[in-house]
Amino acid sequence: MNLVFLDRQTLAPSVSLRRPTFDHHWQEYAETAPEQVVQRLLHAEVAIVNKVKIGAAELAKLPALKLIALAATGSDNVDLAACRAAGVAVCNIRNYSKSAVPEHALSLMMALSRNLHAYRSSVADGRWQQAGQFCYFDYPVRDLKDMTLGLIGYGTIARDLERLVRALGMDVIVAARKGQPAEPGRQSFEHVLAEADVISLHCPLTADTHHLIGEQELAMMKPDALLINVGRGGLVDEEALLCALKEQRIGGAGFDVVSAEPPASNNPLMQALDCPNFILTPHIAWASQAAMQRLADQLVDNIEAFAAGREQNRLV
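Residues numbered from 1 in each chain as written. Predicted model: local features only at pLDDT ≥ 70, side-chain atom pairs only at ≥ 80, totals over all residues. Heavy atoms only, no water.

A. Quick look at the overall build of the chain. Along its length, the chain carries 12 helices and 11 strands. Taking 20 Å as the expected radius of gyration for a compact globule of 316 residues, we find that the chain reaches 22 Å, a close match to that expectation. Along the first, second and third principal axes, the C-alpha atoms of the chain reach 70 × 50 × 35 Å. Among the 316 residues that make up the chain, the fraction classed as buried is 48%. For the chain, the proportion of contacts with a sequence separation of at least 24, taken over those separated by at least 6, is 62%. Here the chain has roughly 15300 Å² of accessible surface; of this, 51% comes from carbon and sulfur atoms. Taking the 29 positively charged and 36 negatively charged side chains of the chain as two groups, their mean positions are separated by 5 Å. (Helix = DSSP H or I, 4+ residues; strand = E, 2+ residues; numbered from the N terminus. Rg over C-alpha atoms; globule rule 2.2 N^0.38 Å. Buried < 20%, exposed > 50% of the residue type's maximum accessible area, 1.4 Å probe, protein only. Contact = heavy atoms within 4.5 Å. Areas by Shrake-Rupley, 256 points an atom, 1.4 Å probe, with all protein chains shown as cover. Lys, Arg positive; Asp, Glu negative; His and termini not counted. Charge placed at Lys NZ, Arg CZ, Asp CG, Glu CD.)

Quick look at the structure:
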């Protein structure tokens, strides 16, 4: 069986990627441009991809392809309907980062609530010496204890974040889908935006969730509320967020994702880096060493299951 990994560099070099136990030929590329996809997969029966896009046009030229093994949970880079029509199976990775992503979200919340980024920068700029005393109070410092966290999206990662923040003494409220009435255990989307001190986004990016948080939703939030996004960049209208930060209509924001990655220099979130209450990390919430190794191990498990005729983590 011919296996081709199109974007191996999306996993750190330190991650051990074992080879499947069945007879196979393995080929991997650090990265693959869109115009190289068909050529590199021409004789492949298994395509391994993380972010490389495969759609109907590519599938039509790849009659040998039997499986697309995603080295990620998200599948928005693969046309699942086209795969189903072409008889190509698709599997993904599940629950590998259930510790890593919640911990990153919590780290952003802690850093913003205590203004660690702003204080570190001011110390580097000599502000402590200028203050003339043992401390100074240029930025507010807030405790997470007794704050309310509003969760938008309530899957495995959101539930693990809930467990972490409850240990700190935070209250947690969960939003119903936007435009839907509240249901048991959920509160209306608008109520959560208005009541939460911290909003954390944990939903997939779909046509319904694109720009889920825009100018109107930011206006509903408390003026000192924090917005955390470790989900997908397109969930938030980045221009609207930049305006809210610049005009001090939001307490702060911590993002690990951008609408286009890597972001262009003129992306609104890159411009927001001048704001002391904004933190942007390069989509590495998932990338603890332990999480990446679990991903790599499960990736090969999925491929071995397919070769053995078993369905495992199938999307198609």
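Moving on, there is more to tell.
B. A look at the pairing of strand 8 (residues 198–201). Both faces of strand 8 are covered, namely the face carrying Val198 and Ser200 and the face carrying Ile199 and Leu201. Relative to strand 9 (residues 226–229), strand 8 runs parallel, the two sharing 4 bridges. Directly across from Ser200, in strand 9, lies its bridge partner Ile228. For the handedness criterion, the β-α-β arrangement of strand 8, helix 9 (residues 215–220) and strand 9 is classed as right-handed. (Pairing = 2+ DSSP bridges. Right-handed = clockwise from strand over helix to strand, strands pointing away.)

C. Molecular detail of the nonpolar core. One finds Met109, Leu149, Leu299 and Ile303 to be the most contacted residues of the largest nonpolar core, which totals 49 residues. Dropping the residues within four chain positions of it, Leu149 is found in contact with Met109, Leu161, Val165, Met170, Asp171, Val172, Ile173, Ala196, Val198 and Ser200. If you look at the next biggest cluster of nonpolar residues, it comprises 31 residues, including Ile213, Ala244, Val258 and Cys275. (Core = buried A, V, L, I, M, F, W, Y, C linked by side-chain atoms within 4.5 Å.)

D. Examining the state of the cysteines more closely. Inspection of every chain in the model, using the stated rule, returns 0 disulfides. For Cys243, which is in no disulfide, the shortest distance to another cysteine sulfur is to Cys275 and amounts to 10 Å. Since its relative accessible area comes to 7%, Cys275 is described here as buried. (Disulfide = S-S within 2.5 Å.)

E. Quick look at the environment of Val300. Here Val300 shows up in helix 12 (residues 289–307). Assessed through its relative accessible area of 0%, Val300 is described here as buried. Measuring from C-alpha to C-alpha, the distance between Val300 and Asp171 comes to 40 Å, with 129 residues separating the pair along the chain. Setting aside residues no more than four positions away along its own chain, Val300 makes contact with Leu17, Arg18, Arg19 and Pro20.

F. A look at the sheet that holds strand 9. Across the sheet, which stays open at both edges, the 6 strands sit in the order 7-6-8-9-10-11 with parallel pairing between neighbours. Because the sheet does not close on itself, it has two edges, and the strands there are strand 7 (171–174) and strand 11 (278–280). Here the average twist between neighbouring strands, direction ignored, is 15 degrees. Along the sheet, helix 7 (residues 156–167) contacts strand 6 (148–152), strand 7 and strand 8; its crossing angle with strand 6, the most-contacted strand, is approximately 175 degrees. (Axes fitted to C-alpha atoms, helices over the stretch in contact; angles between N-to-C directions.)

G. Examining helix 7 more closely. Between the first and last C-alpha of helix 7 there are 17 Å, a value that for 12 residues agrees with the 16 Å anticipated at 1.5 Å per step. Regarding helix 7, the residues found buried are Ala158, Asp160, Leu161, Glu162 and Val165. Those residues of helix 7 that are buried lie in contact with helix 4 (100–113), strand 6, strand 7 and strand 8. Note on helix 7: the residue one or two positions beyond its end, Gly169, has a positive phi of about 95 degrees. (Expected span 1.5 Å × (residues − 1).)

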